[in-house]
Amino acid sequence: MDPKVQSRADRVKPLPPHVTRISVSRRIWNGVCVDVTEFWGKGEGCTHLCFENQVRLTGLLEEVGGHCEPRLQASKRCPIDYTPRHMHFAPAGMSVWGYSPDFRYLKDTTLVFDVRALEERVGETLSTEAVSTPRLRFSDDRLWTLLKLLSEAAHEADPSTELYGDGLTVAIVARLLLPRQPSPARRAGLPPWQLRRVEEYLEAHLSRPVALAELAALTGLSQGHFARAFKASTGMAPYRWQLERRIGRAQALLLDARSSLEDVAAATGFADAAHLGRMFRKVVGATPGAWRRERLD
C-alpha cells in the first residue's frame with residue numbers, strides 16, 4: 001500500500017462534534033499497512049472508517065464508554081450482536097462506519113492489504129472468497145492477539161521488529177486470507193546447509209533490520225513456509241533468534257569493563273543504552289549493569 005494514502009486522522013477533518021482528538025501511528029510490513037488509531041471524545045456519534053477502496057481488517061483493542069459497532073450504513077445498526085474483542089473485515093469497494101452511543105476513548109488497529117504485493121511476497125495465492133467476503137463483528141481470539149501484538153510492534157524501532165512484524169503479518173494473512181489446508185502431522189525443518197546459510201546471514205547482519213523476505217529468498221521458500229521450517233529447526237521464530245544473538249553479542253562486550261553501555265548499544269544495533277536495557281532485561285531477566293556486576297565483581 002502507498003504510505004501516502006490518507007489515514008483517518010487526515011480524512012476526518014473537521015472533527016465530528018463527538019470527537020476531540022485523533023492520533024494515528026503507521027507502519028508497513030510485507031504489503032500490509034498497519035494503522036493504530038486512537039480517538040478521544042464524548043457522546044454519541046458515527047464516523048466513516050475510511051479505506052473504502054482497500055481490502056482491510058480492523059480490530060477493536062480498547063473501548064471506554066458505550067460499545068462500538070461497525071455499520072454498513074451510518075443510520076442502520078449492525079445486525080450482529082456485540083462480542084468482546086470483535087473485528088470486521090471489508091473487501092475493496094465497501095464503506096464501513098463506526099458507531100458508539102456514548103464513547104470516551106477508542107483504540108483500534110486497521111490492516112490494509114495490498115493483495116498483489118502480498119501474493120508476491122508470501123509466495124502464495126490468496127483465497128478469492130476470503131478476500132471478497134465481508135465479515136462484521138466477528139471474533140477470533142488468535143487473530144485478535146496477533147493484531148494486538150502487531151499494533152504494539154508498530155511503535156518499536158528495534159531492528160528485530162522488522163522480522164517480528166513480517167512474521168506476524170504472514171501469520172495473520174495465513175489465518176484470514178489463505179485457502180484452508182490440513183495441517184501436516186509433522187513440520188519439517190530446514191536442511192542443515194540452508195539453516196547454516198540463514199544463520200550466517202543473520203549473524204552478519206545482527207545490528208540492522210532484516211526482512212523475512214530476505215531470509216526466505218536464501219532458501220527458495222515462501223515466507224510462511226520458511227518461518228515454519230526455521231522454527232521447526234531452531235525452536236524459535238527468526239526475529240527471536242536474531243534478538244537473542246544480538247543480546248549474546250552484547251553480553252560478550254559487557255564482559256569488557258571498559259565498554260560503556262552506550263558503546264555496547266551502538267555495536268549491537270540498539271537505539272541507546274535505555275533501549276538495550278529494556279530488551280536485555282526482556283531476554284536475560286536482569287539489566288545489563290546488574291548482569292555485568294555479577295560477573296565482574
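Residues numbered from 1 in each chain as written. Predicted model: local features only at pLDDT ≥ 70, side-chain atom pairs only at ≥ 80, totals over all residues. Heavy atoms only, no water.

1. Concerning the overall build of the protein
On a plain count of helices and strands, the protein comes out with 12 helices and 7 strands. Buried residues in the protein amount to 47% of all 297 residues. Contacts in the protein between residues at least 24 apart in sequence constitute 76% of all its contacts with a sequence separation of at least 6. If you sum the accessible surface of the protein, you get close to 14,700 Å²; carbon and sulfur atoms cover 50% of it. Across the protein, the centroid of the 41 positively charged side chains sits 2 Å from that of the 35 negatively charged ones. (Helix = DSSP H or I, 4+ residues; strand = E, 2+ residues; numbered from the N terminus. Buried < 20%, exposed > 50% of the residue type's maximum accessible area, 1.4 Å probe, protein only. Contact = heavy atoms within 4.5 Å. Areas by Shrake-Rupley, 256 points an atom, 1.4 Å probe, with all protein chains shown as cover. Lys, Arg positive; Asp, Glu negative; His and termini not counted. Charge placed at Lys NZ, Arg CZ, Asp CG, Glu CD.)

2. Topic: the state of the cysteines
Summed over all chains, the structure comprises 0 disulfides. Left unpaired, Cys78 is separated from the closest cysteine sulfur, that of Cys46, by 11 Å. The exposure class of Cys78 is buried, given its relative accessible area of 4%. (Disulfide = S-S within 2.5 Å.)

3. Overview of the confidence of the model for the protein
When the pLDDT values of the protein are averaged, the result is 89; 96% of them are 70 or greater. Looking at the elements of the protein, mean pLDDT is at its lowest for helix 1 (residues 8-11), recorded as 78, and at its highest for strand 5 (residues 87-90), recorded as 96. (pLDDT = per-residue confidence, 0-100.)

4. Looking at the packing of aromatic side chains
If you walk through the whole model with that rule in mind, you get 4 aromatic pairs. Between Trp40 and Tyr105, the ring centres sit 5.5 Å apart and the planes meet at 55°, which makes this aromatic pair tilted. Residue Trp40 is located in strand 2 (residues 32-48), and its partner Tyr105 is located in strand 6 (residues 97-113); the two are separated by 65 residues in the primary sequence. Take Trp40: its relative accessible area is 23%, and that puts it in the partly exposed class. Of the residues examined, Tyr105 reaches a relative accessible area of 15% and is grouped as buried. Centroid distance Phe280 to Trp291: 5.9 Å. Interplanar angle 70°. Geometry classified as edge-to-face. Of the two residues, Phe280 sits in helix 11 (residues 273-284) while Trp291 sits in helix 12 (residues 288-296), which places them 11 residues apart along the sequence. Classification of Trp291 as buried rests on a relative accessible area of 9%. (Phe/Tyr/Trp six-rings, centres within 6.5 Å; stacked < 30°, edge-to-face > 60°.)

5. Notes on unusual backbone geometry
Of note in the backbone geometry, Asn30 takes a positive phi value of approximately 55° without being a glycine. Mapping Asn30 onto the fold places it in the loop between strand 1 (19-29) and strand 2. The phi angle at Cys50 is positive, at roughly 65°, despite the residue not being glycine. Looking at the secondary structure, you find Cys50 in the loop between strand 2 and strand 3 (55-65).

6. Description of the layout of surface pockets
What the second largest pocket holds in volume is close to 280 Å³. In terms of lining residues, the second largest pocket is bounded by 14 residues, among which Glu156, Thr161, Tyr164, Met279 and Lys282 are the most central. Those elements giving two or more residues to the lining of the second largest pocket turn out to be helix 4 (141-153), helix 5 (160-176), helix 9 (238-254) and helix 11. Here the residues of the lining of the second largest pocket are counted per class, giving 6 nonpolar, 2 polar and 6 charged. (1 Å grid on protein atoms, 1.4 Å probe; cavity = no way out; pocket = protein on both sides within 12 Å on 5 of 7 lines; lining within 4 Å. Points joined across faces, edges and corners; volume = space filled by probe spheres on them. Nonpolar A, V, L, I, M, F, W, Y, C, P; charged D, E, K, R; others polar.)

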